[in-house]
Amino acid sequence: MSGKLENKVAVITGGSSGIGLATAKEFVAEGAYVFITGRRESELDKATKEIGRNVTPVQGDVASFDDLDRLFDVVRREKCHIDVVVANAAVGGLAPEGAAASPEHYDRVFNTNTRGVFFTVQKALPLLNDGASIVLTASNAHYKGIPGFAPYSASKAAVRSSRGRGRPNSRIVASGSTR
Ligand SMILES: NC(=O)c1ccc[n+]([C@@H]2O[C@H](COP(=O)([O-])OP(=O)(O)OC[C@H]3O[C@@H](n4cnc5c(N)ncnc54)[C@H](OP(=O)(O)O)[C@@H]3O)[C@@H](O)[C@H]2O)c1
(Lines give C-alpha, C1' and ligand atoms only; values in the text may rest on other atoms or scores of the structure.)
Protein backbone atom coordinates (compact mmCIF):
# COMPACT_ATOMS: atom_id res chain seq x y z
CA MET A 1 0.00 0.00 0.00
CA SER A 2 1.17 3.52 -0.81
CA GLY A 3 -0.16 5.30 2.29
CA LYS A 4 -1.84 7.86 0.04
CA LEU A 5 -4.61 8.44 2.61
CA GLU A 6 -2.22 8.84 5.56
CA ASN A 7 -3.90 10.92 8.30
CA LYS A 8 -7.03 11.47 6.19
CA VAL A 9 -10.48 11.20 7.78
CA ALA A 10 -13.30 9.56 5.83
CA VAL A 11 -17.01 9.12 6.49
CA ILE A 12 -18.52 6.15 4.64
CA THR A 13 -22.27 5.67 4.90
CA GLY A 14 -23.34 2.07 4.46
CA GLY A 15 -19.83 1.05 5.51
CA SER A 16 -20.94 -2.12 7.27
CA SER A 17 -21.39 -4.23 4.13
CA GLY A 18 -20.54 -4.72 0.47
CA ILE A 19 -18.90 -1.88 -1.44
CA GLY A 20 -18.92 0.45 1.60
CA LEU A 21 -17.12 -2.10 3.78
CA ALA A 22 -14.60 -2.88 1.01
CA THR A 23 -13.96 0.87 0.64
CA ALA A 24 -13.48 1.27 4.41
CA LYS A 25 -10.94 -1.57 4.49
CA GLU A 26 -9.04 -0.13 1.54
CA PHE A 27 -9.03 3.38 3.03
CA VAL A 28 -7.67 2.12 6.36
CA ALA A 29 -5.02 0.07 4.56
CA GLU A 30 -4.00 3.32 2.82
CA GLY A 31 -3.65 5.13 6.16
CA ALA A 32 -7.07 6.73 6.69
CA TYR A 33 -9.28 6.86 9.78
CA VAL A 34 -12.87 5.90 8.88
CA PHE A 35 -16.31 6.47 10.35
CA ILE A 36 -18.73 3.82 9.07
CA THR A 37 -22.51 3.89 9.34
CA GLY A 38 -25.44 1.53 8.94
CA ARG A 39 -28.76 0.88 10.62
CA ARG A 40 -27.97 -2.55 12.11
CA GLU A 41 -25.65 -2.57 15.14
CA SER A 42 -24.86 -6.26 14.61
CA GLU A 43 -23.49 -5.66 11.09
CA LEU A 44 -21.59 -2.58 12.22
CA ASP A 45 -19.95 -4.58 15.03
CA LYS A 46 -18.93 -7.31 12.59
CA ALA A 47 -17.54 -4.77 10.12
CA THR A 48 -15.65 -2.91 12.85
CA LYS A 49 -13.95 -6.16 13.87
CA GLU A 50 -13.10 -6.95 10.24
CA ILE A 51 -11.59 -3.52 9.66
CA GLY A 52 -9.69 -3.93 12.91
CA ARG A 53 -8.23 -0.46 13.58
CA ASN A 54 -8.74 3.24 12.83
CA VAL A 55 -12.52 2.90 12.68
CA THR A 56 -15.50 4.34 14.57
CA PRO A 57 -18.91 2.78 13.87
CA VAL A 58 -21.91 5.10 14.16
CA GLN A 59 -25.33 3.45 14.02
CA GLY A 60 -27.94 5.44 12.11
CA ASP A 61 -30.34 5.81 9.21
CA VAL A 62 -29.32 8.26 6.45
CA ALA A 63 -33.00 9.04 5.92
CA SER A 64 -33.16 10.50 9.45
CA PHE A 65 -31.99 14.09 10.03
CA ASP A 66 -31.45 13.36 13.74
CA ASP A 67 -29.24 10.39 12.92
CA LEU A 68 -27.20 12.41 10.40
CA ASP A 69 -26.75 15.20 12.96
CA ARG A 70 -25.61 12.63 15.53
CA LEU A 71 -23.14 11.13 13.01
CA PHE A 72 -21.48 14.46 12.27
CA ASP A 73 -21.47 15.41 15.97
CA VAL A 74 -19.42 12.27 16.63
CA VAL A 75 -17.04 13.11 13.75
CA ARG A 76 -16.68 16.71 14.98
CA ARG A 77 -15.92 15.57 18.54
CA GLU A 78 -13.45 12.86 17.55
CA LYS A 79 -11.64 14.33 14.52
CA CYS A 80 -12.90 17.92 13.93
CA HIS A 81 -12.74 17.60 10.13
CA ILE A 82 -13.40 15.35 7.12
CA ASP A 83 -11.22 14.71 4.05
CA VAL A 84 -13.48 12.27 2.21
CA VAL A 85 -17.24 11.69 2.32
CA VAL A 86 -18.47 8.54 0.61
CA ALA A 87 -22.28 8.77 0.44
CA ASN A 88 -22.85 5.14 -0.37
CA ALA A 89 -25.77 3.83 1.74
CA ALA A 90 -28.67 2.68 -0.39
CA VAL A 91 -31.47 0.17 -0.49
CA GLY A 92 -31.95 -2.13 -3.40
CA GLY A 93 -34.23 -2.46 -6.27
CA LEU A 94 -37.19 -4.75 -6.43
CA ALA A 95 -40.39 -4.04 -4.59
CA PRO A 96 -41.11 -6.83 -2.05
CA GLU A 97 -41.73 -10.19 -3.74
CA GLY A 98 -41.75 -8.65 -7.19
CA ALA A 99 -44.99 -6.76 -6.49
CA ALA A 100 -45.71 -3.50 -8.28
CA ALA A 101 -43.88 -0.70 -6.53
CA SER A 102 -46.04 0.80 -3.79
CA PRO A 103 -45.83 4.42 -2.61
CA GLU A 104 -44.15 3.08 0.54
CA HIS A 105 -41.49 1.28 -1.50
CA TYR A 106 -40.91 4.36 -3.66
CA ASP A 107 -40.56 6.60 -0.59
CA ARG A 108 -38.19 4.17 1.15
CA VAL A 109 -35.94 3.98 -1.93
CA PHE A 110 -35.89 7.74 -2.52
CA ASN A 111 -35.59 8.67 1.17
CA THR A 112 -32.49 6.51 1.49
CA ASN A 113 -30.83 6.64 -1.92
CA THR A 114 -31.51 10.23 -2.95
CA ARG A 115 -32.56 12.34 0.04
CA GLY A 116 -30.13 10.44 2.28
CA VAL A 117 -27.20 11.09 -0.08
CA PHE A 118 -28.14 14.76 -0.54
CA PHE A 119 -28.36 15.56 3.17
CA THR A 120 -25.34 13.43 4.10
CA VAL A 121 -23.29 15.74 1.89
CA GLN A 122 -25.06 18.92 3.02
CA LYS A 123 -24.52 18.13 6.70
CA ALA A 124 -20.86 17.16 6.09
CA LEU A 125 -20.03 20.48 4.38
CA PRO A 126 -19.13 22.50 7.53
CA LEU A 127 -16.53 19.87 8.46
CA LEU A 128 -14.89 19.45 5.04
CA ASN A 129 -11.22 20.38 4.74
CA ASP A 130 -10.02 22.45 1.79
CA GLY A 131 -9.57 20.02 -1.09
CA ALA A 132 -11.83 17.40 0.48
CA SER A 133 -13.43 14.80 -1.78
CA ILE A 134 -17.08 13.84 -2.10
CA VAL A 135 -17.89 10.45 -3.59
CA LEU A 136 -21.47 9.52 -4.44
CA THR A 137 -22.24 5.89 -5.22
CA ALA A 138 -24.59 5.76 -8.19
CA SER A 139 -25.32 2.80 -10.47
CA ASN A 140 -25.47 1.84 -14.10
CA ALA A 141 -29.13 0.88 -13.42
CA HIS A 142 -30.32 4.38 -14.31
CA TYR A 143 -29.82 3.81 -18.05
CA LYS A 144 -30.34 0.05 -18.27
CA GLY A 145 -34.10 -0.08 -17.83
CA ILE A 146 -34.12 -3.16 -15.59
CA PRO A 147 -37.67 -4.53 -15.12
CA GLY A 148 -38.95 -3.92 -11.58
CA PHE A 149 -36.15 -1.50 -10.71
CA ALA A 150 -37.75 1.77 -11.83
CA PRO A 151 -37.74 3.56 -8.43
CA TYR A 152 -34.16 2.40 -7.72
CA SER A 153 -32.97 3.45 -11.19
CA ALA A 154 -34.67 6.84 -10.88
CA SER A 155 -33.18 7.36 -7.41
CA LYS A 156 -29.70 6.76 -8.82
CA ALA A 157 -30.31 9.06 -11.80
CA ALA A 158 -31.17 11.76 -9.26
CA VAL A 159 -27.91 11.08 -7.42
CA ARG A 160 -26.00 11.70 -10.66
CA SER A 161 -27.86 14.95 -11.24
CA SER A 162 -27.22 16.21 -7.71
CA ARG A 163 -23.47 16.51 -8.27
CA GLY A 164 -23.73 19.88 -10.03
CA ARG A 165 -21.03 21.31 -12.25
CA GLY A 166 -17.64 22.79 -11.51
CA ARG A 167 -16.88 20.73 -8.41
CA PRO A 168 -13.48 19.24 -9.20
CA ASN A 169 -13.32 17.17 -6.04
CA SER A 170 -16.68 15.47 -6.33
CA ARG A 171 -17.00 12.13 -8.06
CA ILE A 172 -19.85 9.85 -9.01
CA VAL A 173 -18.90 6.18 -8.94
CA ALA A 174 -21.22 3.72 -10.60
CA SER A 175 -20.89 0.01 -10.43
CA GLY A 176 -22.65 -2.71 -12.29
CA SER A 177 -23.76 -5.78 -10.40
CA THR A 178 -21.27 -7.11 -7.84
CA ARG A 179 -23.19 -10.32 -7.21
N1 LIG B 1 -23.81 -4.33 -5.42
C2 LIG B 1 -24.12 -3.97 -6.66
O3 LIG B 1 -24.22 -4.79 -7.57
C4 LIG B 1 -24.34 -2.49 -6.98
C5 LIG B 1 -24.53 -2.09 -8.30
C6 LIG B 1 -24.69 -0.74 -8.58
C7 LIG B 1 -24.68 0.20 -7.55
N8 LIG B 1 -24.55 -0.24 -6.28
C9 LIG B 1 -24.58 0.77 -5.22
O10 LIG B 1 -23.43 0.62 -4.39
C11 LIG B 1 -23.77 0.97 -3.06
C12 LIG B 1 -23.43 -0.18 -2.13
O13 LIG B 1 -24.13 -1.33 -2.57
P14 LIG B 1 -23.85 -2.76 -1.92
O15 LIG B 1 -24.33 -3.76 -2.87
O16 LIG B 1 -22.47 -2.81 -1.42
O17 LIG B 1 -24.90 -2.69 -0.71
P18 LIG B 1 -25.11 -3.63 0.57
O19 LIG B 1 -24.07 -4.70 0.66
O20 LIG B 1 -26.55 -3.98 0.59
O21 LIG B 1 -24.81 -2.58 1.74
C22 LIG B 1 -25.64 -1.47 1.91
C23 LIG B 1 -25.11 -0.72 3.12
O24 LIG B 1 -25.91 0.42 3.33
C25 LIG B 1 -26.48 0.36 4.65
N26 LIG B 1 -27.78 1.01 4.60
C27 LIG B 1 -28.88 0.66 3.88
N28 LIG B 1 -29.88 1.52 4.11
C29 LIG B 1 -29.40 2.45 4.99
C30 LIG B 1 -29.95 3.58 5.62
N31 LIG B 1 -31.21 3.95 5.40
N32 LIG B 1 -29.15 4.29 6.45
C33 LIG B 1 -27.88 3.93 6.69
N34 LIG B 1 -27.31 2.86 6.13
C35 LIG B 1 -28.07 2.12 5.30
C36 LIG B 1 -26.51 -1.13 4.99
O37 LIG B 1 -26.55 -1.39 6.37
P38 LIG B 1 -27.98 -1.55 7.14
O39 LIG B 1 -28.85 -2.40 6.26
O40 LIG B 1 -27.63 -2.17 8.45
O41 LIG B 1 -28.50 -0.17 7.28
C42 LIG B 1 -25.18 -1.54 4.40
O43 LIG B 1 -24.12 -1.16 5.24
C44 LIG B 1 -25.25 1.35 -3.06
O45 LIG B 1 -25.36 2.74 -3.24
C46 LIG B 1 -25.78 0.61 -4.27
O47 LIG B 1 -26.95 1.20 -4.78
C48 LIG B 1 -24.38 -1.55 -5.96
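Residues numbered from 1 in each chain as written. Predicted model: local features only at pLDDT ≥ 70, side-chain atom pairs only at ≥ 80, totals over all residues.

## Thoughts on the nonpolar core
Ala10, Val11, Ala24, Val34, Ile36 and Val85 are the most contacted members of the largest nonpolar core, which has 36 residues in total. In terms of residue count, strand 4 (residues 82-87) provides more of this core than any other element does, 5 residues in total. In contact with Ile36, other than residues within four places in its own chain, are Ile12, Gly15, Ser16, Gly20, Ala24, Leu44, Ala47, Val55 and Pro57. (Core = buried A, V, L, I, M, F, W, Y, C linked by C-beta atoms within 7 Å. Buried ≥ 20, exposed ≤ 12 C-beta atoms within 10 Å, placed from the backbone. Helix = DSSP H or I, 4+ residues; strand = E, 2+ residues; numbered from the N terminus. Contact = placed C-beta atoms within 7 Å.)

## Some details on helix 1 (residues 18-29)
The end-to-end C-alpha separation of helix 1 is 17 Å, in line with the 16 Å expected for 12 residues at 1.5 Å each. Listing the buried residues of helix 1 in full gives Gly20, Leu21, Thr23, Ala24 and Phe27. Along the axis of helix 1, the buried residues cluster in a sector spanning 160°; they form a single face. Of the surrounding secondary structure, the elements contacted by the buried residues of helix 1 are strand 1 (9-12), strand 2 (33-38), helix 2 (41-51), strand 3 (55-59) and strand 4. Gly31 sits one or two positions beyond helix 1 and adopts a positive phi of about 110°. (Expected span 1.5 Å × (residues − 1). Arc of directions from axis to C-beta.)

## Remarks on helix 4 (residues 103-124)
Taking 1.5 Å of rise per residue, the 22 residues of helix 4 would be expected to cover 32 Å, and the 29 Å separating its terminal C-alpha atoms lies within 8% of that figure. Gly116 marks the point of greatest bend in helix 4, at about 40°. Every buried residue of helix 4 is listed here: Val109, Thr112, Asn113, Thr114, Gly116, Val117, Thr120 and Ala124. (Bend = angle between axes of the 7 residues up to and from the residue.)

## With respect to the site of the ligand
As a matter of local geometry, the ligand sits amid 28 residues, with Gly14, Gly18, Gly38, Arg39 and Ala90 nearest to it. Of all the elements in the fold, those that place two or more residues in the shell around the ligand are helix 1, strand 2, helix 4 and strand 5 (128-139). Here the element with the most residues in the shell around the ligand is helix 1; it accounts for 3 residues. Grouping the amino acids of the shell around the ligand by side-chain chemistry returns 6 nonpolar, 17 polar and 5 charged. (Near = placed C-beta within 6 Å. Nonpolar A, V, L, I, M, F, W, Y, C, P; charged D, E, K, R; others polar.)

Note that all results are geometric; they support no functional claim without further evidence.
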